[in-house]
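# Structural overview
Listed here are the chains, written in short residue letters.
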Amino acid sequence: MAKKPTIRGTLVLILLICFSAAYAQTENKVLIKGRVIDSLQRPVAWATIQLLKKDSVVTTGAADESGHFQLSTKNTEITAIRITSASYQPFTKLIIVDKVNQLGFDLGSLTLSKNNGELKGVTVTASRQLITREIDKLVYSTDADPESKFSSVLEIMRKVPFLAVDGQENLTMKGSSSYRILINGKPSGMVDNDPKSFLRSLPASSIQSIEVYTTPPAKYDAEGLGGVINIVTTKRVGEGYKGNINLNGAYPNGGPGAGLSFTATHKKFGVELFGGSNLSYNPSVDGTTYRATTGTNPSTLNVTENTKRNGHGRYIGTQFSYDIDSLQLLTAQLNFNGSLNKSKYGRFSQLLSEDETQQFRQSTDSKGNGNGFDGGLNYQLGFKKDKARLLTVSYRYMQYKTRSNVDNQFYDTLNYALPDFNQINNTDFIEQTGQVDYVQNIKKVKMEAGIKAIFRDNNSRFNTFEFDPLLEQFIADNDRQNEFENKQSILSAYNTYSFALKTWGFKFGARLEQTYTDIDFSSTQTTVKNDYFNLVPSIVINKNNKNGSYINIGYNQRLKRPGINRLNPFVDRSDPNFIESGNPDLQPSLMHSFDLGYGINKKQSVNLGLMYAFANNLDLKTSRYDSVSKITYTTFENSGKIDAVMLNANFNLAITKSLRTVINGSVSHFWIESAVDVRDIKTQRTLYNASVSNTYTFKKDWLATASVNLYSDNLAPAQIQGTVNGYVATNFSVSKSLFNKKLALSAYVNNPFTQYRNNRTEITSYNFTEINTNREYFRRFGMSINYKFGKLKDDVKKSRRGINNNDVSN
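Here the structure is a predicted model, which means the values were calculated and not measured.

## Here we look at the pattern of salt bridges
- Here the structure, examined in full by the defined rule, presents 25 salt bridges.
- Ionic pairing is found between Arg 456 and Glu 431, a salt bridge with its closest N-O pair at 2.5 Å. In this pair, Arg 456 sits in strand 23 (residues 445-468) while Glu 431 sits in strand 22 (residues 421-442), placing the two residues 25 residues apart along the sequence. Just as Arg 456 is buried, Glu 431 falls in that class too.
- When salt bridges with common partners are traced through the structure, they connect Asp 221, Lys 452, Arg 511, Glu 513 and Arg 561 into a single cluster.

So, in structure tokens, the structure goes:
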């Protein structure tokens, strides 16, 4: 811990050196600039620009979001310019050296033609570039990954730089479980409320790419300690229609599922639709809990249980666009999602202590459902004199409701007097957002600014009913009832500037956020008010080298506001030995993050990232044992202080023409301090994970994949007291494309050599040790059928700005 100031000072020094180096270059060079557009005069964002001397690449750069580019080089070096972009044919234009002067050379608008190969149903092979780097994000093109035909988005994320998926299918970004996921640049209740289930059921074949913002710009809300993940469901395509249908199934855990994506455009009107549904069956599995306590009255608890779970999830998303004229665009989004879950528990508990033996058998039936809706409307206005200027006005409404009912029955009891009881918990969440964004180029600088207001209303009502044997009915327990309302208003403004100096790119900005929170507990007649202000800076610098590599450095601050799941004071008593509840007094957490990246993305792709981050006041899960009641109580508290150094590495290698290997992993070291049960805990942990995937393409459109995933022991989610055991997983799959690659048939087996996996979590404190072991089916068989259809010439337009609520964690 004593070295932390040195680490921070070193990173700040690196940042200053990069600034100095950018301005220190004084070579006599000229500027080549222009704009990349398509046949419909629309900008082609982030196209790759190369200046050539005969057949050799002199320098490489990229167009910005509006298609503009500018690169500098020596006058005598250039003979041509080459432009490439996904879905477009390569473009090359000769440059006459005599006409290039010291004031620069403006090439004007350069038009790219569509790659007609896509309209013929040609599937991109594994040799196509999967990863591209933009100034503040990495883009993983899932439509270029042959495994997307039969994988879910969650499974594909194992190969995406800076992302990892563990044995319980928990997604982390740069080692953090706090992040924000957007769909086409916009938030959605489909993913906000249960991201794991949504990503697990979303076929990778229905999306185009996964964008990972390693240093999110100030235009995004400050929430998400790890950063921002954007899932792009559609790509720029032509007028007409196209679609994708996926049918899949898994056994013995999992079930049947289906996914659909459809896009249609006609003249000024466009529509996009994507949706899915899945059934999830988890056969009966066993688990154990062991707890040993110390002190004046030591005890030993042994619990065996049997669990069976079933679920059903569904979602549908739509987007509409209408070109009012050449300068005005109207877009709208409508999304629906729902889930239904049922669980059955059978439990035998025996508590042994010096003064008594206590035991019981318990049967628990749990039912829960959630239903959500969100809709948005965006109006975008362009300007005749400067088409780079944009004004966007947006509004969004979201609602989500949950209902849960837990029935508990006890029998074969010994020295145990708690009666049967039922618990009902209902929550309602409403959010309304208004936003205005403005974009303008000021000479060579792109300026973005905006204001935003978010109004949230969370309600929770929970009740406990105990069985009265005399009345033979359930009676409300007034001591275990509660209702609360959490109202939150967030007012924010941001300003961002980006520009290029020769081969250097800069993007910096700041975001102001004022938060007002008002919580009212009706049952106890108490209120909690919490207002706070945050200034959140963000800066990123990128250097593109002549060989196509890049160096990237960034700094930003991120917030983590507690969501309703952690604020909800509902007391879960479904297991009498372990009682859990939320904490309505939780405060937001602030993290500082420094990032240094290096990579090269050509035929062989390498992306490396080194991060140092520190935070105080993290809301962590804490457990304490009460020796009087012999119960372990768990809740959340702002008790965490953390420092972390992490190295992320991703290698995407074409070993041969037919064999591609992807290696994705990270190594991290954490210093953590926390106050738990009135005691300070300090710990250090070194964690690692790695995923290696090999894909071989055979003749006649056959494809085979073999992969292995390795995870070290890890920290229990959001809990300094706990650790989770590591694991090794294997996956094998084969697929065949038919009918001009429009139809793909796939089959896979996960972990064929291991039928079960025991998930082991160990929690320790000064007066108790707890070990939880849950068995799950590890071996899984599955199949997938994927069909593509359609014919297009134009794409469904999207507003360049829209509602992006990135400020709440679950």
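There's more to say after this.
## What about a nonpolar patch on the surface?
- Among the surface-exposed residues, Ile 245, Leu 247, Leu 260, Leu 745, Met 783, Ile 785 and Tyr 787 lie close enough to one another that they form a single nonpolar patch of about 550 Å² accessible area.
- Looking at the nonpolar patch, the elements that each hand over two or more residues are strand 15 (240-251) and strand 43 (780-791).
- In terms of residues, the nonpolar patch owes the most to one element, strand 43, which gives 3 residues.
- Summarising the element assignment, Leu 247 is placed in strand 15.
- Taking relative accessible area as the criterion, Leu 247 reaches 46% and is therefore assigned partly exposed.

## As for the sheet that holds strand 9 (residues 137-141)
- Pairing in this open sheet of 5 strands is mixed, and the strands run 8-9-13-14-12 from one edge to the other. Each edge of the sheet is formed by a strand with only one pairing partner; in this case those strands are strand 8 (131-134) and strand 12 (180-183). Looking at each pair of strands side by side, their axes are set apart by 20 degrees on average, direction ignored.

## Some thoughts on the pairing of strand 19 (residues 328-353)
- Relative to strand 19, strand 18 (residues 299-325) runs antiparallel, the two being bridged by 26 bridges. Along strand 19, the bridge assignment pairs Asn 306 with Gly 346.
- Here strand 18 folds back onto strand 19 in antiparallel fashion, the turn holding 2 residues.
- Note that strand 19 and strand 20 (residues 357-382) share 25 bridges and pair antiparallel. By the bridge assignment, Gly 346 is partnered in strand 20 with Ser 363.
- The antiparallel pairing of strand 19 with strand 20 creates a hairpin that spans 3 residues between the two strands.

## A few points about the nonpolar core
- The biggest cluster of nonpolar side chains holds 32 residues, and the ones touching the most others in it are Val 153, Met 157, Leu 163, Leu 171, Leu 199, Ile 210 and Ile 229.
- With 3 residues, helix 2 (residues 153-156) is the single largest residue contributor to this core.
- Beyond its immediate stretch of four places on either side in the chain, Val 153 contacts Leu 199, Leu 202, Pro 203, Ala 204, Ile 207, Ile 210 and Ile 231.
- Of all hydrophobic cores here, the second largest spans 18 residues; its members include Val 44, Leu 71, Ile 81 and Leu 110.

## Thoughts on the sheet that holds strand 1 (residues 30-38)
- Taken in spatial order, the 3 strands line up as 4-1-7 in an open sheet, and their pairing is mixed. Of all strands in the sheet, those with a lone pairing partner are strand 4 (68-73) and strand 7 (105-112), marking the two edges. Going from strand to strand, the sheet's axes swing by 25 degrees on average, the running direction of each strand aside.
- Sheet topology note: the strand 1/strand 4 ladder contains 6 bridges and is antiparallel. Opposite Arg 35, over in strand 4, you have His 68 as the bridge partner.

## Topic: the confidence of the model for the protein
- Across the protein, pLDDT averages 84, with 88% of residues at or above 70.
- This stretch, residues 1-8, has a pLDDT under 50; its non-local contacts, to residues over four places away or in other chains, come to 10 contacts.
- Note that pLDDT drops below 50 for residues 10-27; the model gives that stretch 23 contacts with residues more than four away or on any other chain.

## Description of the packing of aromatic side chains
- Overall, the coordinates contain 27 aromatic pairs when judged by the stated rule.
- Relative to Phe 506, the ring of Phe 499 lies with its centre 5.1 Å away and its plane at 15 degrees, an arrangement referred to as stacked. Side by side, Phe 499 and Phe 506 carry an identical accessibility label, which is buried.
- Judged by centre distance (6.4 Å) and plane angle (25 degrees), the ring pair of Phe 594 and Tyr 612 falls under stacked. In this pair, Phe 594 is assigned in strand 31 (residues 589-601) and Tyr 612 in strand 32 (residues 605-626), connecting sequence segments 18 residues apart.
- Its relative accessible area of 11% is what places Phe 594 among the buried residues.
- Following the ring pairs from residue to residue traces out a cluster consisting of Tyr 497, Phe 499, Trp 504, Phe 506 and Phe 508.
- The ring of Phe 383 has Arg 389 lying over it, and the distance from NZ or CZ to the ring centre is 3.9 Å.

Reading the values: the criteria
Residues numbered from 1 in each chain as written. Predicted model: local features only at pLDDT ≥ 70, side-chain atom pairs only at ≥ 80, totals over all residues. Heavy atoms only, no water. Salt bridge = Lys/Arg side-chain N within 4 Å of Asp/Glu carboxyl O. Helix = DSSP H or I, 4+ residues; strand = E, 2+ residues; numbered from the N terminus. Buried < 20%, exposed > 50% of the residue type's maximum accessible area, 1.4 Å probe, protein only. Patch = residues over 30% accessible without salt bridge, like charges linked within 9 Å, V, L, I, M, F, W, Y side chains within 5 Å. Areas by Shrake-Rupley, 256 points an atom, 1.4 Å probe, with all protein chains shown as cover. Pairing = 2+ DSSP bridges. Axes fitted to C-alpha atoms, helices over the stretch in contact; angles between N-to-C directions. Core = buried A, V, L, I, M, F, W, Y, C linked by side-chain atoms within 4.5 Å. Contact = heavy atoms within 4.5 Å. pLDDT = per-residue confidence, 0-100. Phe/Tyr/Trp six-rings, centres within 6.5 Å; stacked < 30°, edge-to-face > 60°. Lys NZ or Arg CZ within 6 Å of the ring centre and 35° of its normal.

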